[in-house]
Amino acid sequence: MRRSRLAAGPCFLPRCITLLLIVTFGLCANAASRGQASASSRVVKAPVQKPKALPEARLIEVYRSLRAGDSRKALADAESLARDVPNFQLAQLVYGDLLLVRQGKAAGLAAAPPEMAASAAAQWNQLRQEATLRVAALTERPPADSVPRQFLDIPASTQHVMAVDASRARLYVFENGAHGMKLVADYYVSLGRYGVDKKAEGDQRTPLGAYFVTSRLEGGQLKDFYGPGALPLNYPNEYDRRRGKTGGGIWLHGVPPENFARTPQSTDGCVVLSNADFLPLLHTVLPRRTPIVIASKLEWVSVASLGGDRSAARALVEQWRQARSGQDLKKLLSFYSPQFSSGTVDLATWSKRLEKEMSAGRGRETELKELSILSWRDTGDVLIVTFGEVRKDERSGRMKRQYWGKENGQWKIFFEGVIG
Amino acid sequence: MGRNRISFLSLAVAGVLVTVHPARADEYADVDKLFGTGHLAEAVQRADVYLASNPRDARMRFLKGLMLSEQGRTNEAVAVFTKLTEDFPDLPEPYNNLAVIYNKQGQYDQARRALESAIRTNPSYATAYENLGDVYAKLASQAYARALQMDGTNNAKLSPKLAMIRELFSPQSIILAAAAPRVTTGKPAAPAPAVAAPSPATPPVATKPPVVAAAPASAPTPSPTLAAPSAADAADARAAVQAWANAWSRKDMAAYFAAYTKDFSGGKTRKAWEDERRKRIVGKRSISVVLTDFDTKVHGDKAVVQFRQAYTADALKVSSRKTLNLVRVSGQWLIQKESTGT
């Protein structure tokens, strides 16, 4: 079966080269230019000095040399990569392949010592998958000046935004500021053993949705297993809870020191990065404020084309703000869903609270600071709205988050609460 | 194959030595003999004495390297072979043997580099190729083990068995060097092999392959009455050689070994020779041995069959002249001696 794919491949290489190399090759068509782009875009903060190419970039360079027919350089580069980063399993695999190919032997599991082949077929396939994913992610880049459509409105005060494309096993990191979002880095990630769309505790899947980093755990607090630290996410969020999803402890984290990376589907649901990639994130990403979207496949849209949806969402929130500022309780309540709940508080209790707050506000304007709006669509349609709520003439307010859902064509708030 | 020790050719070389520096050749032969009979300490001592007055002599130094390695004085052996690669960078043999030592120490990357140097020095050096193939396979296996995080397996700790080259001026390198001299400084009158130029202490090697020493060319012309049977004998001998090549090609070890006389041992013990051949042959994915340009001479129950051997195994391709000395035992032609070159 391997043969037939080889024969069908668009490849000029000797047919003895493995599927691993071939698959990767097929995708490698534009890698030469792309690899460079990615290598240069991989620094989260301004680099102190030009660093040695990252392991992934070096691996891509091996593929590029192979494609250019320079198997000697490919082997030399693979060797030095395998030596410098001995726990980079994929690099070892490629190095092994190249050594065998160099000898004119067929590379691949068949060439591995028999006791390896017997017990490691699944692992082998995962590594091959990793190769495909890594190269694909660097070959097929997101369109320029575009962002995942979930990031409807991100305030300038939010410094980073992250998005995971599960189909690419990739985490994209954006810097954000007054001039909007800019893709600054992307990293290979490992996801749940059984894929995505987590529904229940223990299903070893990674959740899909729009989340926030809730805290930062430094390595010293954790087992080696997590590497240099972890960034926990707020799964299950209020939307997940409504839909009966269970489980928790979904983190971004690193790998134990003996590993470089994990295979694409190997976690209990967490999003796992190699330590070199994760360290800068761990220390730059601010807990509580940093959104992260995890999608089965990211939909990239131009910043300009988001404008319409953004205006509509802002208008919606503005209407709520005005009602919140005014003295018409009925009008304010019209924004809330009959299914509203906040913790143990149902709509009836919530109404009383709103009424009390309304009277205390005495018609003073409510101002919303640092408004953030995330959009999430699956079978439902949700807006996750976060802001600092401050009454006029008051010095401080509270961070609040609302979940809006579309019910019978109308946006209704089904959750509202103070965060952290 | 090239790894087998070719006594007649070394004899030929020694013959040249004898005429040039008889004492030196004797000394080398003596030391080699002591080495061969297991008198290592004495052999090393004799070599040291000799080298004290002939410090650049490549053959003796090489032999000393072998003996040190045999004695387990690995670091000293490495030093000897390393120095040889520095003084005679065109010689593949010291690189090869360095690689064998590195390999034994589990330093496969260094072994690989040494073998690559050997091949750069002499691109047709079959032993180095085969050794390199084994080191590549070992490195690949290690890499795969790391890829699969199975580093702890016993298999990962076993070094492949690489072949030491026993003789500095192995016939193959002489032939190849004679055919295509690498050293341009050599005088046209004596196209010296790669080894000759750098070392004044090293005597020039025979300009022409010593065919004479190999085959009983002086054999009397068979009488007319014997001509017919002799022709048939020649055909039989040649058929036996072809059968040997076929067995080799299809990796039929039983038939391959059966082509040799019972006491054939390739300069080792029979078991060591068989083990090595088995490993070399069975380990290949595919082997093709094609023989052409036969030249067969029969004298009674002995025959000398010379031919060109095109050997292809996996990525390795070597074409060389080869000579098999056959002996007829119970009506069957068996290989008594195998040598590269003519």
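Residues numbered from 1 in each chain as written. Chains lettered and ligands numbered in written order. Predicted model: local features only at pLDDT ≥ 70, side-chain atom pairs only at ≥ 80, totals over all residues.

Regarding its fold elements, chain B presents 14 helices and four strands. For chain B, with 342 residues in total, the buried portion stands at 42%. The long-range share in chain B, meaning contacts at least 24 apart out of those at least 6 apart in sequence, stands at 57%. (Helix = DSSP H or I, 4+ residues; strand = E, 2+ residues; numbered from the N terminus. Buried ≥ 20, exposed ≤ 12 C-beta atoms within 10 Å, placed from the backbone. Contact = placed C-beta atoms within 7 Å.)

Looking now at the interface of chain A and chain B. Taken residue by residue, the interface counts 22 residues in chain A and 19 residues in chain B. Listed by contribution, the elements that provide at least two residues to the side of chain A that touches chain B are α6 (89–102) and α7 (114–139) of chain A. Among the elements that line the side of chain A that touches chain B, the one with the most residues is α6(A), at eight residues. Of the residues that constitute the side of chain A that touches chain B, the class distribution is 13 nonpolar, six polar and three charged. (Nonpolar A, V, L, I, M, F, W, Y, C, P; charged D, E, K, R; others polar.)

This brings us to helix α10 (residues 307–325) of chain A. Residues and elements named next belong to chain A. Helix length check: α10, at 19 residues, gives a terminal C-alpha distance of 26 Å against a target of 27 Å (1.5 Å per residue), a fit within 8%. Residues Ala313, Val317, Trp320, Ala323 and Arg324 constitute the buried set of α10. Looking down the long axis of α10, one finds its buried residues gathered within 115 degrees of arc, a one-sided arrangement. Turned more than 90 degrees off the buried face of α10, the exposed positions are Gly307, Gly308 and Ala315. Where α10 is buried, its residues touch β2 (151–153), α11 (329–333), β17 (366–377) and β18 (381–391). (Expected span 1.5 Å × (residues − 1). Arc of directions from axis to C-beta.)

Let us now look at the packing of helix α4 (residues 55–67) of chain A against α6(A). All names here are of chain A. Viewed as axis vectors pointing N to C, α4 and α6 meet at an angle of 20 degrees, and their least axial separation amounts to 11 Å. With respect to each other, α4 and α6 are oriented roughly parallel. As for how α4 packs across α6, the hand of that crossing is left-handed. Of the residues in α6, those touching α4 at Pro55, Leu59 and Val62 are Leu90, Ala91 and Val94. (Axes fitted to C-alpha atoms, helices over the stretch in contact; angles between N-to-C directions. Parallel < 35°, antiparallel > 145°, perpendicular 65-115°, else oblique. Left-handed = near helix turned anticlockwise from the far one by under 90°.)

Time to look at unusual backbone geometry. Residue and element names in this part refer to chain A. The residue after Tyr235, namely Pro236, is reached through a cis peptide bond having omega -10 degrees. The residue Pro236 is located in the loop between β9 (229–232) and α8 (238–242) in this model. Positive phi, normally seen in glycine, also occurs at Arg288, with a value near 75 degrees.

All right, on to helix α4 (residues 58–70) of chain B then. Residue and element names in this part refer to chain B. Here α4 contains 13 residues, and its C-alpha end-to-end distance of 18 Å stays within 8% of the 18 Å for a straight helix at 1.5 Å per residue. The buried fraction of α4 amounts to twelve of the 13 residues, a majority that puts the element mostly inside the structure. All buried positions along α4 are accounted for by Ala58, Arg59, Met60, Arg61, Phe62, Leu63, Lys64, Gly65, Leu66, Met67, Leu68 and Ser69. Two residues or fewer after α4 comes Gly72, characterised by a positive phi angle close to 80 degrees.

Now for the nonpolar core. In this structure, Ala78(A), Ala91(A) and Val189(A) are the most contacted members of the largest nonpolar core, which totals 151 residues. With 13 residues, helix α8 (residues 126–147) of chain B is the single largest residue contributor to this core. When sequence neighbours within four positions are dropped, the list of residues in contact with Ala78(A) reads Val62(A), Ala91(A), Val94(A), Tyr95(A) and Leu98(A). In terms of nonpolar packing, the next biggest core, distinct from the first, is built from 16 residues, Ala245(B), Ala259(B), Val298(B) and Leu324(B) among them. (Core = buried A, V, L, I, M, F, W, Y, C linked by C-beta atoms within 7 Å.)

Right, let's talk about the sheet that holds strand β7 (residues 209–212) of chain A for a bit. In a beta sheet, neighbouring strands are held together by backbone hydrogen bonds and run either parallel or antiparallel to one another. All names here are of chain A. Taken in spatial order, the five strands of this open sheet run β5-β4-β3-β13-β7, and their pairing is mixed. This sheet does not close on itself; its edge strands, each paired only once, are β5 (180–188) and β7. Averaged over neighbouring strand pairs, the angle between their axes works out to 20 degrees when direction is ignored. With eight bridges joining them, strand β4 (residues 170–177) and β5 adopt antiparallel strand pairing. Within β5, the residue paired with Glu175 across the bridge is Lys182. (Pairing = 2+ DSSP bridges.)

Okay, the sheet that holds β2(A) next. Residues and elements named next belong to chain A. The five strands are arranged β2-β17-β18-β19-β20 in an open sheet whose pairing can be described as antiparallel. Edge strands, defined here as strands with exactly one partner in the open sheet, are β2 and β20 (410–418). The mean angle between the axes of side-by-side strands here comes to 25 degrees, regardless of whether they run parallel or antiparallel. Taken together, the ten bridges between β17 and β18 define a ladder with antiparallel strand orientation. Note on β18: the bridge partner recorded for Glu367 is Val390. The sheet contacts of α10 involve β2, β17, β18 and β20, and relative to β17 the element is tilted by about 135 degrees.

Residue and element names in this part refer to chain B. Two numbers describe how helix α3 (residues 40–53) lies on α4: the axes approach to 10 Å, and their chain directions differ by 150 degrees. For the element pair α3 / α4, the angle class is roughly antiparallel. The chirality of how α3 crosses α4 is left-handed. Taking contact as the criterion, the partners of Leu40, Ala43, Val44, Ala47, Tyr50 and Leu51 in α3 are, on α4, Met60, Arg61, Leu63, Lys64, Met67, Leu68 and Glu70. Of the residues in the contact of α3 with α4, the class split is ten nonpolar, no polar and three charged.

This part is about the confidence of the model for chain A. On average, residues of chain A score 85 in pLDDT, and 84% of them reach the 70 mark or higher. Here residues 1–50 of chain A is modelled with pLDDT under 50, and outside its nearest four sequence neighbours on either side it reaches 80 contacts, counting other chains as well. (pLDDT = per-residue confidence, 0-100.)

To continue, consider the environment of Glu130(A). Residues and elements named next belong to chain A. By secondary structure assignment, the location of Glu130 is in helix α7. Judged by the 24 C-beta atoms lying within 10 Å of it, Glu130 falls in the buried class. With sequence-adjacent residues up to four places away left out, Glu130 is seen in contact with Leu90, Thr263 and Pro264.

All right, on to the pairing of strand β3 (residues 160–165) of chain A then. Residues and elements named next belong to chain A. Counting buried residues along β3, six of its six residues qualify, which places the element largely inside the surrounding structure. Residues of β3 alternate between two faces, with His160, Met162 and Val164 on one and Val161, Ala163 and Asp165 on the opposite face, all of them buried. Relative to β4, β3 runs antiparallel, the two sharing six bridges. Opposite Val161, over in β4, you have Phe174 as the bridge partner. Connecting β3 to the next strand, β4, in antiparallel fashion are four residues, including Ala169 with a positive phi near 50 degrees.

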